[in-house]
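Remarks on the overall topology
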Amino acid sequence: MQVFAECRGCTDVICCVFLLLAIVGYVAVGIIVGTELVLRSRGVSVCLDLSTAWTHGDPRKVIYPTDSRGEFCGQKGTKNENKPFLFYFNIVKCASPLVLLEFQCPTPQICVEKCPDRYLTYLNARSSRDFEYYKQFCVPGFKDNKGVAEVLRDGDCPAVLIPSKPLARRCFPAIHAHKGVLMVGNETTYEDGHGSRKNITELVEGAKKANGVLEARQLAMRIFEDYTVSWYWIIIGLVIAMVMSLLFIILLRFLAGIMVWVMIIMVILVLGYGIFHCYMEYSRLRGEAGSDVSLVDLGFQTDFRVYLHLRQTWLAFMIILSILEVIIILLLIFLRKRILIAIALIKEASRAVGYVMCSMLYPLVTFFLLCLCIAYWASTAVFLSTSNEAVYKIFDDGPCPLTSKTCNPEIFPSSNESRLCPNARCQFAFYGGESGYHRALLGLQIFNAFMFFWLANFVLALGQVTLAGAFASYYWALRKPDDLPAFPLFSAFGRALRYHTGSLAFGALILAIVQIIRVILEYLDQRLKAAENRFAKYLMTCLKCCFWCLEKFIKFLNRNAYIMIAIYGTNFCTSARNAFFLLMRNIIRVAVLDKVTDFLFLLGKLLIVGSVGILAFFFFTHRIRIVQDTAPPLNYYWVPILTVIIGSYLIAHGFFSVYGMCVDTLFLCFCE
């Protein structure tokens, strides 16, 4: 058997060269971006004319809000350093969640030290001692040498100040909720310092739109508070999940058959207890006031604890768990013979993992490399998305033919446009541009996403070939462990990089092309949602479905092709062809054994996740008397529980993915 012979040669060299060139270009982009950031942080202007480079990127546009002059609020080293908040003259025109993004309102905006804390009108403030306080919310350099009508017409000062609170560095009206009801009506009034009552019914529209923002902020703050008091308990739960996963895999080596059946029985019992608990809660709520309200009538509530007081919620949970229980039992009945074969395969995989124990730690290497890819992609995407220039447009509340046209704020006051529309003003609108570079930004973002998919798939492929090479060396060793390399995992890793980088890049490239096409289809689908063309929607749905299926098939084929590369050292196309025909000749075994082992591994994940999840549920709901006083008080106890469940699943998936690769490798070797 020529599994790891000395005659191995480099495969798919052309793809290796293409990958290296792409990485060099990608790194060059990052160096330009990084140099730009360093120079700007030191106050050095970049004068290089690199029209196709990322020198226009500025992440400050994401961090700091921008006033009507395009200047950042709260940035160190600028005149607005001590003015971190953005104040809107007329909040009604921009009381929308979109204000939290790059959306700019058609109203003057200035940077202020703090948001208004009282109700004042310009007319009353001008003739009182509050005028000095009021002037800090006027445009910079405001001089009191105009009449009231001229000041309001020119947008030098806001017509009214309303008590506000900062949200995402923007000043929003301090609208409060009382007993779950937003206290704003058609005749909402405030009282100023002189005791006069001011009708501000125009705030109703803004209040309704801001309600969603306020509820989202309240929900986010409560979730953040829960994390601050429970983060160490969450870490303890994840450590317990890791210990359980490792212990489970160690026991599989010695007690594979017993552990599999124990795992099956435990999953059935855990689901059975979940059904029993849901039924008890459903029975307990019988007769309680308000418990028979339907989920549809209740609608969406930010306080998710409300749903737990409804009988319909527990009934839905009970039905879902019952269906899952029945499906598992039926699968066990019809696949009982195949399960015995799968258990034998798992036993052999347990021995292989026992000889290559360091393979359990390799998912950490993959995770680290994927984090590097994500970080590089995200930083490049931020610089690309912030590489636009400030665009100024003409705003006028009256009928002006020049409204929404671009303008230059420095020369606008003395321009013909200003004389044509005396009440118009030239202010910052958004970040954009009309040059060739700015028109190419979408293409650059697509290239950035494509490189991310290519590199991420290459990292995953490298992990699969490394693990397959290590486990294949175990299978083909005549005398175990004497014929095994001293370090099977490191040997397989070295062979993959030395000989098969091109093959890995080839497989990753094919998958990346399909994935970027799916991204483009999703983008086009979002753009075409407003269209009423049924044929276009049908065609888009079919294309999305076809490429989803194609991606799943390519992932399956690539996985088996990488195993053949690790065994024989052939190029990607030859390995994919051999793997495909080998699987077709054993299609029944593949369809049954592969899915049965996947099902058993899924049960193992559910057992670990369910055990840790139930433990977290009893702990955070103060139902364990021994540590009842230790559990932290929470706004939503589902926050740490859900975090522990998701984290436990990811940890268990990392351990079992190694087992899955071992089973697939041994199965292909057996078929050979």
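Each remark here, short or long, concerns the structure printed above.
Note that this is a predicted model, so its numbers are computed, not measured.

Our next topic: the overall build of the chain. Along the chain, the regular secondary structure elements total 19 helices and 12 strands. Looking at the chain as a whole, 43% of its 672 residues qualify as buried. Look at the contacts in the chain between residues 6 or more apart in sequence, and 71% of them connect residues 24 or more apart.

Moving on to the pairing of strand β5 (residues 164–167). Relative to strand β6 (residues 170–173), β5 runs antiparallel, the two being bridged by four bridges. When the sheet's bridge partners are listed, S164 is paired in β6 with P173.

Think of it this way: side chains of opposite charge can pair up when their charged atoms draw near. Tallying each qualifying case throughout the model produces 11 salt bridges. With its nearest N and O atoms 3.0 Å apart, the salt bridge here joins D156 to K146. Here K146 lies in the loop between α4 (131–135) and α5 (148–154) and D156 lies in the loop between α5 and β4 (160–161), a separation of 10 residues in the sequence. With a relative accessible area of 13%, D156 lands in the buried category. When the shortest N-O distance is used, the salt bridge between K555 and E551 registers 3.4 Å. Residue K555 and its partner E551 are both found in helix α16 (residues 534–568); the two are separated by four residues, about one turn of the helix.

Structurally, D664 can be placed in helix α19 (residues 638–671). When its relative accessible area of 14% is taken as the criterion, D664 is described as buried. In sequence terms D664 and I563 are 101 residues apart; their C-alpha atoms lie 8.3 Å from each other. Among all residues touching D664, those that are not within four sequence positions of it are R559, I563 and D594.

Further remarks concern the environment of K143. With respect to the element layout, K143 can be found in the loop between α4 and α5. Since its relative accessible area comes to 59%, K143 is described here as exposed. Separated by 13 residues in the primary sequence, K143 and D156 place their C-alpha atoms 9.1 Å from one another.

Attention shifts here to the side chain of T665. Relative to the assigned elements, T665 resides in helix α19. If sequence neighbours within four positions are ignored, T665 has contacts with A468, F471, A472 and I563.

In terms of nonpolar packing, the biggest core is built from 92 residues, with L252, V260, W454, F471, L600, L603 and Y659 touching the most fellow members. Take this core: its biggest share by element is 19 residues, from helix α13 (residues 441–475). Judged by nonpolar contacts, the second largest core, of 18 residues, contains F89, Y122, C157 and C171.

What follows concerns the packing of helix α9 (residues 336–355) against α19. Across the interface, α9 lies against α19 with an axial gap of 9 Å and an inter-helix angle of 110 degrees. It follows from the interaxial angle that α9 and α19 lie roughly perpendicular. Handedness of the crossing formed by α9 with α19: right-handed. Across the interface between the two elements, L345, I346, E348, A349, S350, A352 and V353 of α9 pack against Y659, C662, V663, L666 and F667 of α19. When the residues that make up the contact of α9 with α19 are grouped by side-chain class, the tally is 10 nonpolar, one polar and one charged.

Now for the state of the cysteines. Two cysteines, two sulfur atoms, one covalent bond between them: this is a disulfide. Applying the stated criterion across every chain yields a total of three disulfides. Put simply, C73 and C111 are joined by a disulfide, and their sulfur atoms are 1.9 Å apart. The S-S bond linking C73 to C111 shows a torsion near -75 degrees; that makes this disulfide left-handed. One end of the pair, C73, is in the loop between α2 (60–63) and β1 (85–88); the other, C111, is in strand β2 (residues 109–112), with 38 residues separating them in the sequence. Comparing C73 with C111, the two get one shared label, buried.

Here is what the cut-offs are and how they apply
Every chain's residues receive numbers from 1 upward, in the order its sequence appears when written. The predicted origin of the model limits local features to residues at a pLDDT of at least 70 and limits the giving and counting of side-chain atom pairs to 80 or more, whereas totals for whole chains, interfaces and linings rest on all residues. Computation of side-chain values covers all heavy atoms of the structure but excludes hydrogens and water. Segments assigned H or I by DSSP are reported as helices when at least four residues long, segments assigned E as strands when at least two residues long, and all are numbered from the N terminus. Any residue under 20% of the maximum accessible area for its type is buried, any over 50% is exposed, and the rest in between are partly exposed; the area is computed with a 1.4 Å probe on protein chains only. In what follows, a contact means two residues having at least one pair of non-hydrogen atoms within 4.5 Å. In this description, strands pair whenever DSSP reports at least two bridges between them. Criterion for a salt bridge: a side-chain nitrogen of Lys or Arg within 4 Å of a carboxyl oxygen of Asp or Glu. Buried residues of nine kinds, namely Ala, Val, Leu, Ile, Met, Phe, Trp, Tyr and Cys, make up a nonpolar core once their side-chain atoms join them within 4.5 Å. All axes here are fitted lines through C-alpha atoms, helices being fitted over the stretch that makes contact, and every angle between N-to-C directions spans 0 to 180 degrees. Oblique is the label for every angle not falling under 35 degrees (roughly parallel), over 145 degrees (roughly antiparallel), or within 65 to 115 degrees (roughly perpendicular). Two helices cross in a left-handed way if the nearer one is turned anticlockwise from the farther one by less than a right angle. They cross in a right-handed way if the turn is clockwise. Charged residues are taken to be Asp, Glu, Lys and Arg, nonpolar residues to be Ala, Val, Leu, Ile, Met, Phe, Trp, Tyr, Cys and Pro, and polar residues to be all remaining types, Gly included. For this text, the term disulfide refers to a pair of cysteine sulfurs within 2.5 Å.

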